[in-house]
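Chain residues, written in single-letter form:
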Amino acid sequence: MREVKLKIDGKEVIATEGMTILEAARKAGFEIPTLCYHDGLSAHGGCRLCVVEVKGSPRLLTSCTTPVTNGMEVSINTDRVKEARKFVMNLIMTERNHFCMFCEKSGRYEETDCELQKRAYEVQIEHFPFPVYVNKYPIDTTSPVMVMDHNRCILCGRCVRVCSEVVANSTLDFSFRGSKALIASDTGLNRGESSCISCGACMQVCPAGALFSKFGGYKGKKSLCEKIETFCPICGVGCETTNYVRYNNIVEIEGSGLAKGNLDGGQLCEKGRYGPLMETRNRISLPLLRDSRGRFVESSYQEAINKSIQLLKAYSPDKIVFRVSSFLPAEDLAYIKGFALKLGVKDIDTFDGEIYRNLISFDYPKANYEDILNSDLIILVGGDIVKEHGVVGSYIRRAVRNKGAELIIISPAESKMDRFSKEVRRVAEGSEGSVVKEYEEKIRKASNPVIILEGAYLLKNREAIESWLKFAEASKVKTLPLPPTGNSLAAWKLGISSKSNENTESGKLLFLILGDIDSSYSPASLAELGFEAIILHGAYIDPMMKLADVVLPGKSWLENEGTYKLISGEVKKFTPILRAEKDAKSPRELLSELADALRLGKIDIDSLITSL
Amino acid sequence: MRVRSLDDLKAIAQRALEKLCGRRIRIAVGLATCGIATGAEEVYSAFLKGIESLKRDILLTKVGCIGYCREEPIVNVVIPGKALLLLSRVRPEDASEILKNLIDGDVPREKIVCRVKEWDHLLEKIHYGDGFTDVSLYEDTPFFKHQRKIVLRNAGIINPEDIEEYIAVGGYRSLYKALTEMTPEMVIEEVKRSGLRGRGGAGFPTGLKWEITAKSESDERYIICNADEGDPGAYMNRNEMESDPHSLIEGMIIGGYAIGAKEGIIYVRAEYPLAISRLQIAIEQSRRYGLLGENIFGTDFSFDIRIVKGAGAFVCGEETAMIASIEGETGRPRPRPPFPAEKGLWGKPTNINNVETWCNIPVIVYKGGEWFSKIGTKNNTGTKVFSLVGEVQRVGLVEVPLGTSLKRIVYDIGNGCPDGLKVKAVQIGGPSGGCIPEGLLDIPVDYESLKEVGSIMGSGGMVVMSERTSMVETAAFFVSFTSEESCGKCAPCREGLKQMLNILNKILMGKGSPSDLELLKELSETIKTTSLCGLGQTAPNPVLTTIKYFKEEYEELIKRYD
Ligand SMILES: Cc1cc2nc3c(=O)[nH]c(=O)nc-3n(C[C@H](O)[C@H](O)[C@H](O)COP(=O)(O)O)c2cc1C
Ligand code: SF4
Ligand code: SF4
Ligand code: SF4
Ligand code: FES
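Scoring rules and cut-offs
- Residues numbered from 1 in each chain as written.
- Chains lettered and ligands numbered in written order.
- Predicted model: local features only at pLDDT ≥ 70, side-chain atom pairs only at ≥ 80, totals over all residues.
- Pairing = 2+ DSSP bridges.
- Helix = DSSP H or I, 4+ residues; strand = E, 2+ residues; numbered from the N terminus.
- Axes fitted to C-alpha atoms, helices over the stretch in contact; angles between N-to-C directions.
- Contact = placed C-beta atoms within 7 Å.
- Nonpolar A, V, L, I, M, F, W, Y, C, P; charged D, E, K, R; others polar.
- Domains from an automatic or database assignment.
- Near = placed C-beta within 6 Å.
- pLDDT = per-residue confidence, 0-100.
- Core = buried A, V, L, I, M, F, W, Y, C linked by C-beta atoms within 7 Å.
- Buried ≥ 20, exposed ≤ 12 C-beta atoms within 10 Å, placed from the backbone.

Novice: Can you help me understand the sheet that holds strand S13 (residues 249-255) of chain A in this one?
Specialist: The strands making up a sheet associate through hydrogen bonds between their backbones, and the pairing can be parallel or antiparallel. Residue and element names in this part refer to chain A. An order of S11-S12-S13 is seen for the three strands of this open sheet, with the pairing classed as antiparallel. Two strands lie at the open edges of the sheet, namely strand S11 (226-231) and S13, each paired on one side alone. Taking the axes of each pair of neighbouring strands and ignoring which way they run, one obtains an average angle of 25° across the sheet. With six bridges joining them, S11 and strand S12 (residues 240-246) adopt antiparallel strand pairing. Pairing of Ile228 across the sheet is with Asn243, part of S12. Of the strands in this sheet, S12 and S13 touch helix H6 (residues 270-278), which is tilted by about 170° from S13.

Novice: How do you make sense of the interface of chain A and chain B when you look at a structure like this?
Specialist: Contacts between the two partners involve 26 residues from chain A and, on the opposite side, 24 residues from chain B. No other element matches helix H2 (residues 79-95) of chain A, which puts six residues into the side of chain A that touches chain B. Split into classes, the residues belonging to the side of chain A that touches chain B amount to 14 nonpolar, seven polar and five charged.

Novice: Before we go on, may I ask you to explain the domain arrangement of chain A in this structure?
Specialist: Interfaces are frequently sized by the accessible area removed from exposure as the parts join. The domain architecture assigned to chain A consists of domain 1 (3-122), domain 2 (139-278), domain 3 (288-352 + 490-561 + 579-610) and domain 4 (362-482). One C-alpha centre belongs to domain 1 of chain A, the other to domain 4 of chain A; they are set 44 Å apart.

Novice: Just to check I follow, could you spell out the site of ligand 4 for this structure?
Specialist: Residues and elements named next belong to chain B. The full set close to ligand 4 counts 14 residues, and Cys487, Cys490, Cys493, Cys533 and Gly536 are the nearest of them. Contributing elements (two or more residues each) for the shell around ligand 4: helix H19 (491-508) and helix H21 (534-538). Of the residues assigned to the shell around ligand 4, the class counts are eight nonpolar, four polar and two charged.

Novice: Just to check I follow, could you spell out the confidence of the model for chain B for this structure?
Specialist: Interpretation of the predicted coordinates at a detailed level should be avoided for regions scoring low in pLDDT. Scored by pLDDT, chain B has a mean of 95; 100% of the residues are at 70 or more. Across the interface, the model reports ipTM at 0.88; the global pTM reads 0.91.

Novice: How do you make sense of the site of ligand 1 when you look at a structure like this?
Specialist: Residue and element names in this part refer to chain B. Close contacts around ligand 1 come from 23 residues, with Gly198, Gly200, Gly317, Asn354 and Gly534 the closest. Where the shell around ligand 1 is concerned, the elements lending two or more residues are strand S11 (350-354) and H21. Looking at the shell around ligand 1 element by element, the count peaks at three residues for S11. Here the residues of the shell around ligand 1 sort into six nonpolar, 12 polar and five charged. Two domains each donate at least three residues to the shell around ligand 1, and these are domain 2 (172-372) and domain 4 (471-561).

Novice: Looking at this structure, I do not really get the sheet that holds strand S7 (residues 146-149) of chain A. What am I missing?
Specialist: All names here are of chain A. As summarised here, the arrangement of the three strands in space is S6-S7-S10, forming an open sheet in which the pairing is antiparallel. If you trace the sheet from one side to the other, it starts and ends with strand S6 (139-140) and strand S10 (211-213), each paired once. Judged from the three bridges that link them, S7 and S10 form a sheet pairing that is antiparallel. Within S10, the residue paired with Val147 across the bridge is Phe212.

Novice: I would appreciate a short explanation of the nonpolar core in the present structure.
Specialist: One broad trend across soluble globular proteins is that nonpolar side chains are buried collectively. Counting residues in hydrophobic clusters, the biggest one holds 365 residues, and the most contacted among them are Val52, Cys159, Cys202, Ile336, Ile378 and Leu380 of chain A together with Val479 of chain B. Setting aside chain neighbours within four positions, we find Cys159 of chain A in contact with Leu172, Ile183, Cys202, Val205, Cys206 and Leu211 of chain A.

Novice: When you look at the domain arrangement of chain B in this model, what are you seeing that I'm missing?
Specialist: Domain boundaries assigned for chain B yield domain 1 (17-141), domain 2 (172-372), domain 3 (383-466) and domain 4 (471-561). Listed by partner, the interface residues are nine residues for domain 2 of chain B and eight residues for domain 4 of chain B.

Quick look at the structure:
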């Protein structure tokens, strides 16, 4: 990179070739107001707010698009520039409805959630010099997650760019010309009926009040919230998040680092951005016990603990079974394992342990995200990646969009991914493996083929994946089976999947640790297994509770600090976003109380965690 | 048959000359869009029927437009050995009478506009002959007298759907010369020497643009012909393509050779179906003759052309929007730099020129840059085609040397306004041009002089306005056009033009206030200095020039309210 010397407001500034005036100025500590510019997206040059004077150019130039050149002399704050900016701001403010006092995002300078309003304060707009023609533009509320109010849109195109450049879903574009221009979904559908995957990236980058969340509304300004930086552990991709929290309530979740350089472009998927805000299940808020007449009654925390101890003492270790969610922090998983070992219990498994046992018997080369991005042929087998691992879906779309990769989908169900594939092969659930033969030759011929296996239902089905993995093994095709929960990889690595092969569970005690997720049991299937007694620990009311003898409230992942092993292999520590209620414990907190009472001695998990 | 040598070309020329001025009577009907609009197709059919019933060996053919649109349908006839005659306003019912006369070696006098003894196709001259000495000569006719045809050298004379006729008048000889006698650098040097500037509006030196594109580091390069002609009332490019498509194609092949491109694209308005079909025919023919495609003239230079139909938006005439449109995106301008010459179509260096610019190339290569540079003035060499329209008596397409005064065009060629009205102003440069008052019509038509008076050359639209025209209405008309056509990408153009239009309409309704003029000027300045592309940067010109030269009209309307 060659060095470029220029002058900004008389000061010598050193930049590198290819930088824009804006980048060079910001790096040197100068501030230039911008609106359509976003540092995670390509330059657009539409709002014209960032204009500066460059010696030798009769017109003002937009600093966000003009590259620096040697010897350039830039003035960023002359009267001419300030006048022009104010004028342009006036035009933008009077174009549609920007009566700020009626807007959800509006606030005082320090508080506003609206970039447009902030810029207006900065260039000191006190009144509108032009008549305001408030045309009635549509308000689209059909998206399940956000509202699009075209009356507040400034046509900056950030949403369009993020949807095509980062999410690579290309739902949004401009339609119509001139002052009739409108942001459109699929050139004119309601958002709710369009190809939109509700990832919310557009909403996050909107600098005005045009796109806003259906869940964050009226909960308070982001500037008044506590801001917690962590990541989303839900699916194992581990996107970085900024969480805005007020009164122990999440107001909004944003992807962090929507800036150049991040492989994921700072996006989130629908589950990550809106999942916690859309949660409708009820929490287990109190311990419950079954009384002598078989009825469930609320109990004190201590009573429930005592009952659990009593049960654990009453069964011999070979009559105790642990069934655990893999979507728990590694600390919990490791503690559960240590606890079981100390008790002498051998039958311990996660709900997705079967998948682990299916996968370890094959030795195929593993694909990573770069492999997907550089692939020329992607075979996506199984469930809906948009719903399960949305951001991995964006890598596939980027490969298709930017590199012309071919996507073949083999799946029993429709998905919003289908429109990116050249071939969608509908197969009956369970027979995904039967078609391998038909694609073998094509895959072998490709230069960088990648196979992606999606969905717990698929990975559990040995028959369906066997043919794919055997083929991958034999032809050394890079393959990525996507884990069903955000910490499956840690659970498997910790070896919590040693289910005994006995076919009867009668006469046994089941310790069910659910964490956040519904177990893979149904009340009927659980009843059929015939456990004699059940201790259930979990965050949410679960249909299985009917069969339990003791129910203990657990923390949700949002409240539980801990470590996760991501699909990328990275091991990350999650910072809790919310505070838990008093009686809601993490599995390790609960078990350590039980371990004390049972005099199991110290359970050491540190070495297990570092081995991840 | 594939053309491989100069001798091949000459043989074809010899053969085709027989069609142009051979032993048969030739009747050529002007079948460009302007002729067709006035019924030229019916005239053609009438001749066809007449000839069939006469059972005589008469050659009936179609040609493009010679530019005298007011006199359409125009038919030209050649009786072997005699002068070519231009007949005007020919009706189908005239056909039999004309045919009868022709067989007798005569033509009805009242139909004749003028006679042509010899036509200079620049690369070749065709001598028709004498006769009809009582009829005025082409070069003495007021409409043609001050014109100089370089771009339109073949228009209206040869059949645009017959490559052989183009070859007969010297076609593809320039290409042969460039490919066999010149290096690409020499071609660029010749174009630079000619002083040719882009005819699409901005007047950027063509040779220099070629050189920048040719020197941009890349494995691939593209050239594009801008045929998106969107200015209301302008039809120069349409006529050039309909009348002489091979001239454009030859220019582009030479350009491809000079610049190092293998592919050329003609981006043409979908509203020009006849131009598109003639281009398609011409491209097909050139391929068949080996003049397009692999190994042209047996050299190792290969080049092909494809047509892309425009999406219908005016702004697609802007280079970067055009590139976006060709790439399959919405046609919206992109920030420059990077300039297309560095990073254009598919990110590769791309050279875009207007139809007319390309049409000049074969002549420059053949006659030399030196020859070309002597036409016009020092910094404005060559000619420019204008569509002279509006309230002017002789409506038509005129080609004059740059530097010709506006007076000469409006009065001597156009014969002023009809009905004895006085000329009030001339609007030049399309919707973003300026209105030049009658008092300034002495200025020469060149890029700099027009800019000085607040207008631009544009692509050649010239609208004459009489004393009964309201200049405020005119300004409002153009702003409503640009406001409609603004792509909406950048705020000043999108919103500023809308505000300007609202103010103008307010003034027109008699509700304006004195401060509105200041606001209009302020808006104009901001839109000009801050807009992204040429559309916004020039759209306020009609308002600024009318306020400058016709302020009293605004004040008059405003006073009415006070
Ligand atoms: C809004 C707008 C419309 C334009 N329309 C045309 C057009 O219709 N034809 C054209 O040749 N150039 C048009 N131009 C100019 C082109 O951008 C470009 O300058 C030209 O094609 C370059 O060719 P030249 O160097 O041969 O003039 C337009 C420019 C703008 C800003
Ligand atoms: S939510 Fe995501 S997919 Fe939908 S329009 Fe916005 S960026 Fe595109
Ligand atoms: S919706 Fe928001 S991000 Fe999209 S163009 Fe409008 S203001 Fe910009
Ligand atoms: S100046 Fe007008 S036409 Fe050009 S980019 Fe801006 S809005 Fe579009
Ligand atoms: S920030 Fe540069 S034009 Fe919008």
